[in-house]
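If you want the building blocks of each chain, they are given just below.
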Number of protein chains: 2
Amino acid sequence: MADYLKMSKAEQEQELSKLKRLYQTYQDKQLKLDMSRGKPCPQQLDLSMDMLKLSDYHAEDGIDSRNYGLLEGLPEARRFFAELMDVQPQEIIVGGNSSLNMMYYLIDLGYRKGFADSPCPWSQEKTIKFICPVPGYDRHFRITEYYGFELLSVPMTPAGLDMDKVEELVQDSSVKGIWCVPVYSNPDGYTYSDDTVRRLAQMKTAAPDFKIIWDNAYCVHHLTDDQEQTLNILEECRKANHEMRPLMQCSTSKITFPGAGVAAVAASEKNVNYILKHMTPMLISYDKMNQLRHIRYFKNKQGVLNHMQKHRAILQPKFELVEQILEQEVADCGDIAWWTKPNGGYFISLYVQQGCAKRIVELCKQAGVVLTDAGAAYPKGYDPQDHHIRIAPTLPSLQELETAAQLLTICIRIAALEKQLNHF
Amino acid sequence: MADYLKMSKAEQEQELSKLKRLYQTYQDKQLKLDMSRGKPCPQQLDLSMDMLKLSDYHAEDGIDSRNYGLLEGLPEARRFFAELMDVQPQEIIVGGNSSLNMMYYLIDLGYRKGFADSPCPWSQEKTIKFICPVPGYDRHFRITEYYGFELLSVPMTPAGLDMDKVEELVQDSSVKGIWCVPVYSNPDGYTYSDDTVRRLAQMKTAAPDFKIIWDNAYCVHHLTDDQEQTLNILEECRKANHEMRPLMQCSTSKITFPGAGVAAVAASEKNVNYILKHMTPMLISYDKMNQLRHIRYFKNKQGVLNHMQKHRAILQPKFELVEQILEQEVADCGDIAWWTKPNGGYFISLYVQQGCAKRIVELCKQAGVVLTDAGAAYPKGYDPQDHHIRIAPTLPSLQELETAAQLLTICIRIAALEKQLNHF
């Protein structure tokens, strides 16, 4: 292979023809692969089946987890998540099967009522703005879009995000918060540096009730021995007298069952009490049987870490395979693409030439491989440079993944050549 | 015993002294009984434990219930609830562990966005009013209170509710809906007559988007062979060209596990699609593993009905015991109390002399038996006549219940005499 950017037009045309014939062979396979979402594969789901064997659902203090009550969660479940999230049990609300649902609730609460430190409900502000590190998690952005907030993009960096930009934006009092995936970010796989965390904790914000939504979805989702973690955001905020600022989330969706895990919120005790008071009209209690299943099975954080090694054994080869195929098939074609090499999480970010992402996703789709929509990782689904593609390698089998990754590289190369040849 | 209302003052004083001595013997027992909520007892929870033995979580169409997806619920779960609620599968959303949570969401949706037939979000109306049949379910009222609605009380009747009053109130366009527990109502145990259902379905409402929240919490919770049921509200509304009017709920909270059952919403397909569209930013999916557990265990409505016979075997003696003790100890004391004799559901309504309910609940509490707060069944917890007490006989054992009911009758009689003697 040669550098596409240095080929003559004729060479480019010839290469494109060759690739199109190759592409045709993939179309002929009539593939049907879905790599659009960060879904665990069946083998991962099988890892947690033993937890379903629990037969005694009596929790500590004589609590019958089967019956109504304890909106804040079982005492042992609060302790469990407190250890996992490095806070105190009274700083935890253990929820249902979805941390996204709890984040939605928190945004809704800010909008309808404000928080304990809000001068007024956010809905009474003229405009509400929210900072979105990009590329980021589409479902985060969608919540704040749905509530009509103005979304402010800030670029991600390998150290977290462009903090100069963040510190500038928070001078505006209508900026009420920021979405963060601090560890193995979705989709880049970056982890916030200590400096990033400290600056987020310490920065002066014009809004007195500025909130950091700290979605620690991948806090124990290591793929290598380089186990990345961040400083404790609540601790750092407390040091800076901003203990009301962070609202942290975590869930077992990608530890046990994505549809039937347990989610938790961590925050200062004052935040927790305020949130629980407002949740009271909404719900009697979350599913405590499922909480107990999880807690009895894992026992503690070490139990979770041991379990995550089994996930790693399944996932690491998949990430390595994709990176290897990209390296083999694309690296030599010149500066047409680069990709992140995360030490954990669920995604690889693929960056292609400006204006090529949509075309590549479309080409893959026409050959039966569904990727996340190009642009999905940006507010309103719009990537101004049309250059980012999120790769989710977890769900397919290794064999399927190999086919899909090979196809992807062909599509990357086709789009690069088409761009050179002004085909679009 | 003699009629308290016909006794001389001296006789009344003497009887009161005797009762107070008796009351003291109950205080000496240092009871600790909670009859405040409609909680199933442990024996009822044991009935459903076999459902937890499910080991294969693959649903129909190759769906893996353990993974993300299907916000609307598993196909077999939609069919199951469709049969239970007498609608079509596409008219069902199968949710999480709480129908209350789904009702809260629907009120929130009306408030924030309105429904498909709303001229504008309810929050943009000058005032929002909601009809509350009284006595009713405190947690219903609390949701609409929390959202700042004005609550309009309408008296319950053995045939459902005072429909003349309802038809009058809905002439006001700010009246946006009504809370209903149509079968074995909480707390009276009344079931809406065919006439009541038809009038609710047919009535002209000034609000074009008037909603009936039809909480069918006790639809299969029969305590006798007189299995009460109502007309199909969706069907009746459809006949009257009001198919957007009803939003129906049901859950297995009091069929399987109160903390870990499965809830469902039924409504016209247009309502369901509108609701699902708005739920999409909030949640990827509810707990489908728990859905599958339930559906595989019960198979169909007949499976549920068979299961409910086992609940009846546990509950019927409890309801009979309370009614028998009330009859024995209070009926002869004159017109100081009466109570409902429901054929199903979870409660008995006890009606005492005006101004006596709070005193009776307080007396019971001081002797270690916690009843639902007097007034709880009325908007804002305020019973203008202070005459209603909700009895929840399900949780205590028969032996505990006998003690509690005996104590309750003593407190009823003490309060009646105190009232006669102007002690308060």
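Preceding this section is the structure that the text describes.
A quick note: this is a predicted structure, and the numbers were derived from the prediction, not measured. (Residues numbered from 1 in each chain as written. Chains lettered and ligands numbered in written order. Predicted model: local features only at pLDDT ≥ 70, side-chain atom pairs only at ≥ 80, totals over all residues. Heavy atoms only, no water.)

(A) Seen up close, the interface of chain A and chain B. The interface is formed by 50 residues belonging to chain A together with 50 residues belonging to chain B. Per-residue buried area on chain A facing chain B is highest for Arg66(A), Tyr68(A) and Tyr146(A); these three make up 19% of the total on that side. Seen at the junction of chain A and chain B, the total is four salt bridges. Across the salt bridge formed by Arg112(A) and Asp108(B), the nearest N and O atoms sit 3.8 Å from each other. For the pair chain A and chain B, the number of links is 22 residue pairs in polar contact (both at pLDDT 80 or more). Only α2 (42–46), α4 (99–112), α5 (138–146) and α10 (288–298) of chain A provide two or more residues apiece to the side of chain A that touches chain B. With seven residues, α4(A) is the single largest residue contributor to the side of chain A that touches chain B. The class makeup of the residues in the side of chain A that touches chain B is 25 nonpolar, twelve polar and 13 charged. (Contact = heavy atoms within 4.5 Å. Buried area = accessible area lost by both parts, 1.4 Å probe. Salt bridge = Lys/Arg side-chain N within 4 Å of Asp/Glu carboxyl O. Polar contact = N/O pair within 3.5 Å; in protein donor to acceptor, adjacent residues only side chain to side chain. Helix = DSSP H or I, 4+ residues; strand = E, 2+ residues; numbered from the N terminus. Nonpolar A, V, L, I, M, F, W, Y, C, P; charged D, E, K, R; others polar.)

(B) Looking closely at the relation of the copies chain A and chain B. Note on the identical chains: chain A maps onto chain B by a rotation of 180 degrees and an axial translation of 0.0 Å, with an RMSD of 0.0 Å. Taken together, the rotation angle and the small translation identify this as a two-fold axis. When the interface residues of chain A are mapped onto chain B, 100% of them are again interface residues, pointing to one common binding face. (Least-squares fit on C-alpha atoms with pLDDT ≥ 70 in both.)

(C) Representation of the sheet that holds strand β10 (residues 337–339) of chain A. Residue and element names in this part refer to chain A. If you trace the three strands from one edge of the open sheet to the other, you get β10-β11-β13, paired in antiparallel fashion. Only two strands of the sheet have a single neighbouring strand rather than two, namely β10 and β13 (388–391). Ignoring strand direction, the axes of neighbouring strands in this sheet form an average angle of 20 degrees. Across three bridges, the pairing between β10 and strand β11 (residues 348–352) is antiparallel. Bridged to Trp339 within β11 is Leu350. The sheet contacts of helix α11 (residues 301–330) involve β10, β11 and β13, and relative to β10 the element is tilted by about 160 degrees. (Pairing = 2+ DSSP bridges. Axes fitted to C-alpha atoms, helices over the stretch in contact; angles between N-to-C directions.)

(D) Region of interest: empty space enclosed by the protein. According to the stated counting rule, one finds nine cavities of 30 Å³ or more in the structure shown. In this structure, the largest cavity occupies an estimated 270 Å³ of space. Around the largest cavity, the lining is made up of 22 residues, and of these Gly96(A), Asn97(A), Tyr286(A), Gly96(B) and Asn97(B) lie nearest the centre. In the lining of the largest cavity, the residues fall into seven nonpolar, 13 polar and two charged. By volume, the second largest cavity amounts to about 200 Å³. What lines the second largest cavity is a set of 17 residues, among which Asn101(A), Met282(A), Asn101(B), Tyr105(B) and Met282(B) lie closest to the centre. When the residues that make up the lining of the second largest cavity are grouped by side-chain class, the tally is 13 nonpolar, two polar and two charged. (1 Å grid on protein atoms, 1.4 Å probe; cavity = no way out; pocket = protein on both sides within 12 Å on 5 of 7 lines; lining within 4 Å. Points joined across faces, edges and corners; volume = space filled by probe spheres on them.)

(E) Local environment of the packing of helix α1 (residues 9–28) of chain A against helix α13 (residues 398–420) of chain A. Residues and elements named next belong to chain A. Interhelical geometry of α1 versus α13 gives an angle of 150 degrees and a closest axis separation of 9 Å. The angle between the axes of α1 and α13 places the two elements in the roughly antiparallel class. Here α1 and α13 pass one another in a crossing that is left-handed. Taking contact as the criterion, the partners of Lys9, Gln12, Glu15, Leu16, Lys18, Leu19, Lys20, Leu22, Tyr23 and Tyr26 in α1 are, on α13, Thr403, Gln406, Leu407, Ile410, Cys411, Arg413, Ile414, Leu417, Glu418 and Gln420. (Parallel < 35°, antiparallel > 145°, perpendicular 65-115°, else oblique. Left-handed = near helix turned anticlockwise from the far one by under 90°.)

(F) Fine view of the environment of Asn97(B). Note on placement: Asn97(B) falls in the loop between β2 (92–94) and α4 (99–112). The class for Asn97(B) is buried, based on a relative accessible area of 14%. Along the backbone, Asn97(B) and Ala404(B) are 307 residues apart, and their C-alpha atoms lie at a distance of 31 Å. Those residues in contact with Asn97(B) that sit more than four places away from it in its chain are Leu283(A), Ser285(A), Tyr286(A), Asp287(A), Ser253(B), Pro258(B), Gly259(B), Ala260(B) and Gly261(B). Polar contacts involving the side chain of Asn97(B) include one to the main-chain carbonyl oxygen of Ser285(A), which spans 3.0 Å. Reaching out from Asn97(B), the side chain makes a polar contact with the backbone oxygen of Gly259(B) at a distance of 2.8 Å. (Buried < 20%, exposed > 50% of the residue type's maximum accessible area, 1.4 Å probe, protein only.)

Note that every value here comes from positions in space, so none of it alone points to a role or purpose.
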